[in-house]
Amino acid sequence: LWEMLPSRRDAAGRLVKADVPHFSQYQVVAASYAVSVVETVKSGRSSQMENITAAADSAFRLGEIYVYPNPAKGGEIPTLHIECGIADTVNIKIYTVSGREAHEYTITGAPAIIDDGSGWSYAYEYAWRGYIPSGVYYYFLEARKGGQTLKKTGKFAVVR
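Residues numbered from 1 in each chain as written. Predicted model: local features only at pLDDT ≥ 70, side-chain atom pairs only at ≥ 80, totals over all residues. Heavy atoms only, no water.

*Asks:* Explanation requested: the sheet that holds strand β9 (residues 120-127) in the structure shown.
*Replies:* Through backbone hydrogen bonds, the strands of a sheet pair up, either in parallel or in antiparallel fashion. Here four strands make up an open sheet; going across it, the order is β3-β5-β9-β8 and the pairing antiparallel. Of all the strands in the sheet, the pair left with one neighbour each is β3 (65-68) and β8 (112-115). Put simply, the sheet's adjacent strands are angled 40 degrees from each other on average, direction ignored. Pairing geometry for β8 and β9, over four bridges, is antiparallel. Within β9, the residue paired with Asp115 across the bridge is Trp120. (Pairing = 2+ DSSP bridges. Helix = DSSP H or I, 4+ residues; strand = E, 2+ residues; numbered from the N terminus. Axes fitted to C-alpha atoms, helices over the stretch in contact; angles between N-to-C directions.)

Pasting the structure below:
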């Protein structure tokens, strides 16, 4: 069940902030999508969700990939945003500047359908939680579907 929360948008920092009443998993969704989901749940209709799903591009190809916030300051959680359509798995490896592997995670679940301002798309998001020392980090992403593989590298910073 979707729980709508009042939130604040910081366009300059590419952030959405909300006060949450308890520990749970939360995801930012465009208002029109969140309303459609809530209405669909309440009414039992699925046509609105089908329209949104049909509008999202499920083609297996690289789209927008970034880490936000970047830099992650004062305990903020760096989150990787990966648009690659629908994949079987998305493997994330994070390295320190010296080349030491700092973290690895494989996403095997379904992507979310979001509208980040450039239209509906399937996106995987992974929040790297835990204590992360200050520094510059490099990520290596590998998305797989069937026999196809898509790869992407990038970097982000953490400031404690």
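*Asks:* Would you mind showing me how to read the packing of aromatic side chains here?
*Replies:* The geometry of an aromatic ring pair is captured by the separation of the ring centres together with the interplanar angle, meaning the angle of the planes. Enumeration according to the criterion identifies six aromatic pairs in this entry. For the pair Tyr137 and Phe156, a centre-to-centre distance of 5.8 Å together with 25 degrees between the ring planes defines the contact as stacked. Separated by 19 residues along the polypeptide, Tyr137 in strand β10 (residues 135-145) and Phe156 in strand β11 (residues 148-159) bring together distant segments of the chain. Taken together through their ring pairs, the aromatic side chains of Trp128, Tyr137, Tyr139 and Phe156 make up a single cluster. (Phe/Tyr/Trp six-rings, centres within 6.5 Å; stacked < 30°, edge-to-face > 60°.)

*Asks:* In this structure, what is going on with the nonpolar core? I would like to understand it.
*Replies:* Burial of nonpolar side chains together is a common tendency in soluble globular proteins. Counting residues in hydrophobic clusters, the biggest one holds 23 residues, and the most contacted among them are Leu80, Ile82, Val90 and Ile92. Breaking this core down by element, the ones donating at least two residues are β3, β5 (79-82), β6 (89-96), β9, β10 and β11. Looking at this core element by element, the count peaks at four residues for β10. Once you skip the residues sitting within four places of it in the chain, Ile92 turns out to touch Leu80, Ile82, His103, Glu104, Tyr105, Ile107, Tyr126, Phe140 and Leu141. (Core = buried A, V, L, I, M, F, W, Y, C linked by side-chain atoms within 4.5 Å. Buried < 20%, exposed > 50% of the residue type's maximum accessible area, 1.4 Å probe, protein only. Contact = heavy atoms within 4.5 Å.)

Just geometry here; none of it tells us what the structure is for.
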